[in-house]
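# Coordinate analysis (summary)
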Amino acid sequence: MNILVIGGAGYIGSHTVHFLQKSNHNPIIYDNLSKGHAEVAQILKVPLYEGDLCDKAKLKMIFEKEKIDAVMHFAACIEVGESVENPSKYYHNNVAKVLDLLDAMIEAKIKYFVFSSTAATFGEPQKEKVDENHPQNPINPYGRSKLIVEQILKDYDAAYGLKSAVLRYFNAAGCDDNGILGNSYRPKSHLIPRVLMTVTRQIPEFVIFGDDYSTPDGTCIRDFVHVYDLADAHLLALEHMMKTNESADYNLGNGSGCSVKKIVETVEKITGESPNVRIAGRRAGDPSVLISDPTKAMCVLGWKPKYSLLEIVNSTWMWEKNPKY
């Protein structure tokens with residue numbers, strides 16, 4: 001298949017591009033390079049079109065020239081704190097521009113769309129493991145922007161026949177096993193890279209927000225899933241959607257949790273150094289435990305996460321020691 005990967009020069013998008021390549025598909029990157037890196041296209045030897053989602057003329061040209069069969073979207077703004085401070089940016093980029101993309105797809109008669117959503121659409125969890133039926137009550141503009149698009153996709157399916165697979169990530173983590181791709185998103189807000197950045201002296205300390213939660217070691221528990229496992233789910237969801245001609249949504253995580261202190265301990269084990277850690281007070285809105293229930297993806301798609309926490313942290317460490325871009 002010829003698959004247009006929007007935001008394919010970014011963190012999760014680039015790993016998905018590489019996974020698609022290895023699965024004998026033809027990914028094409030479309031990225032405005034505000035967060036992505038042109039070096040990705042050079043490393044992977046794939047076409048790169050630089051442009052914005054609101055440029056319907058350029059999208060139409062690419063759809064026709066590359067004979068696109070499906071589109072995957074990884075081009076959202078993702079910083080929760082920034083979304084609170086500047087919601088206009090988030091609704092404009094994460095909602096309005098996606099509408100431009102969807103309309104361009106409909107005009108080009110491209111009917112398969114894979115959308116990267118987020119566990120943030122659920123808001124405060126009402127149970128330890130979150131499945132697809134959990135109420136969606138996002139507590140910040142980032143989560144709301146993703147939920148709005150999820151609702152738009154349902155309307156576009158009913159009205160225009162545009163089929164979509166909505167994939168809600170929990171904590172994306174890890175890098176390419178061979179160190180050719182990694183996480184160079186700036187500013188780095190992902191937990192594992194920030195712990196490792198104290199080891200490489202890029203930041204002076206790693207802050208743990210709260211060690212008095214009702215968890216075994218007092219720190220928050222999160223569900224970490226490797227980016228290649230996410231990429232695998234994207235392809236499986238696309239193939240299933242094309243086979244059944246039905247839209248669907250899936251929660252993606254390992255289905256098991258890991259505490260913040262456990263991450264710090266794993267970093268120490270892999271690097272041989274003790275990260276500089278400071279304990280601070282809790283952050284508002286941080287649930288003590290947030291774990292996915294990936295049963296639907298496993299049963300319907302046959303998806304199974306392959307990477308352990310040790311492999312996730314080790315691959316991230318390989319990148320942080322020697323980033324390529």
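Whatever comes next refers back to the structure up there.
We now turn to the structure provided with this report. (Residues numbered from 1 in each chain as written. Predicted model: local features only at pLDDT ≥ 70, side-chain atom pairs only at ≥ 80, totals over all residues. Heavy atoms only, no water.)

### Some remarks on the packing of helix 3 (residues 56-65) against helix 5 (residues 87-107)
The line we're drawing: Geometry is summarised by axes, namely lines fitted to C-alpha atoms with helices restricted to the contacting stretch, and by angles between N-to-C directions that run from 0 to 180 degrees. Every helix listed is a DSSP run of H or I at least four residues long, and every strand listed is a run of E at least two residues long, numbered separately from the N terminus. If an angle is under 35 degrees, it is roughly parallel; if it is over 145, roughly antiparallel; if it lies from 65 to 115, roughly perpendicular; otherwise it is oblique. The sense of a crossing depends on the near helix, which, turned anticlockwise from the far helix by less than a right angle, makes the crossing left-handed and, turned clockwise, makes it right-handed. Should any heavy atoms of two residues lie within 4.5 Å, those residues are counted as being in contact. Only Asp, Glu, Lys and Arg are considered charged in this grouping, and only Ala, Val, Leu, Ile, Met, Phe, Trp, Tyr, Cys and Pro are considered nonpolar; every other residue, Gly among them, is considered polar.
At a minimum axis separation of 10 Å, helix 3 and helix 5 run at an interaxial angle of 45 degrees. One finds that helix 3 runs oblique with respect to helix 5. Once helix 3 is placed against helix 5, the crossing between them reads as right-handed. Touching Lys56, Leu59 and Phe63 of helix 3 are Asp100, Leu101, Asp103, Ala104, Met105 and Glu107, all from helix 5. Across the contact of helix 3 with helix 5, the residue classes tally to five nonpolar, no polar and four charged.

### Brief notes about the side chain of lysine 163
Let me state the cut-off plainly: Buried means the residue's accessible area, taken with a 1.4 Å probe over protein chains only, is under 20% of the maximum for its type, while exposed means over 50%, and partly exposed covers the values in between.
Note that lysine 163 resides in strand 7 (residues 163-169). Since its relative accessible area comes to 13%, lysine 163 is described here as buried. Excluding residues that lie within four positions of it along the chain, lysine 163 makes contacts with Lys111, Tyr112, Phe113, Asp157, Met241, Asn245, Glu246 and Ser247.

### Brief notes about the pairing of strand 1 (residues 2-6)
Our working rule: DSSP calls a pair of strands paired once it identifies at least 2 bridges connecting them.
Here strand 1 lies mainly inside the structure; five of its five residues are buried. Across the two faces of strand 1 the burial is the same, with Asn2, Leu4 and Ile6 and Ile3 and Val5 all buried. Relative to strand 2 (residues 26-31), strand 1 runs parallel, the two sharing five bridges. Bridging across to strand 2, valine 5 finds its partner in isoleucine 29. In this structure, strand 1 lies alongside strand 4 (residues 70-73), joined through four bridges in parallel fashion. Bridging from a neighbouring strand, leucine 4 pairs with valine 71 of strand 4.

### Examining the packing of aromatic side chains
Rule in force here: Note on aromatic contacts: the rings of Phe and Tyr and the six-membered ring of Trp form a pair at centre separations within 6.5 Å, being stacked when their planes are under 30 degrees apart, edge-to-face when over 60 apart, and tilted otherwise. By definition, being over a ring means that NZ of Lys or CZ of Arg is both within 6 Å of the ring centre and within 35 degrees of the ring normal.
Throughout the structure, instances matching the rule amount to three aromatic pairs. An angle of 75 degrees between the planes, with centres 4.9 Å apart, marks the rings of tyrosine 156 and tyrosine 160 as edge-to-face. Residue tyrosine 156 and its partner tyrosine 160 are both found in helix 6 (residues 141-160); the two are separated by four residues, about one turn of the helix. By relative accessible area, which is 51% here, tyrosine 160 ends up exposed. Note that arginine 282 overlies the ring of tyrosine 213, its terminal NZ or CZ placed 4.0 Å from the centroid. Lying over the aromatic face of tyrosine 250, lysine 296 brings its terminal NZ or CZ to 5.2 Å of the ring centre.

### Observations concerning the sheet that holds strand 13 (residues 258-259)
Ordered in space as 6-15-10-13, the four strands form an open sheet in which the pairing is mixed. Unpaired on one side and paired on the other, strand 6 (129-130) and strand 13 mark the two borders of the sheet. Pairing of strand 10 (residues 221-222) with strand 15 (residues 289-292), which is carried by two bridges, proceeds in the parallel orientation. Paired with isoleucine 221 across the bridge in strand 15 is valine 289.

### A look at the nonpolar core
Soluble globular proteins: nonpolar side chains tend toward being buried together. We apply this condition: Here, nonpolar core refers to any group of buried Ala, Val, Leu, Ile, Met, Phe, Trp, Tyr and Cys residues whose side-chain atoms link them within 4.5 Å.
In this structure, Ile12, Ile192, Leu238 and Leu252 are the most contacted members of the largest nonpolar core, which totals 60 residues. The element best represented in this core is helix 8 (residues 227-244), accounting for nine residues. When near neighbours in sequence (up to four residues on either side) are disregarded, isoleucine 192 contacts Ala173, Phe224, Ile263, Ile312, Val313 and Thr316. Counting residues in each nonpolar core, the second largest holds 26 residues, with Ile68, Met105, Ile110 and Tyr156 among its members.

### Quick word on the sheet that holds strand 1
As a general point, the strands of a sheet are linked pairwise by backbone hydrogen bonds and lie either parallel or antiparallel. One open sheet accounts for seven strands, arranged 3-2-1-4-5-7-12; its pairing is parallel. Here the strands that pair on one side only, and so sit at the sheet edges, are strand 3 (48-50) and strand 12 (248-252). Between one strand and the next, the sheet's axes are offset by a mean angle of 20 degrees, whatever the strand orientation. Judged from the seven bridges that link them, strand 5 (residues 112-118) and strand 7 form a sheet pairing that is parallel. What sits directly across from serine 117, in strand 7, is arginine 168.

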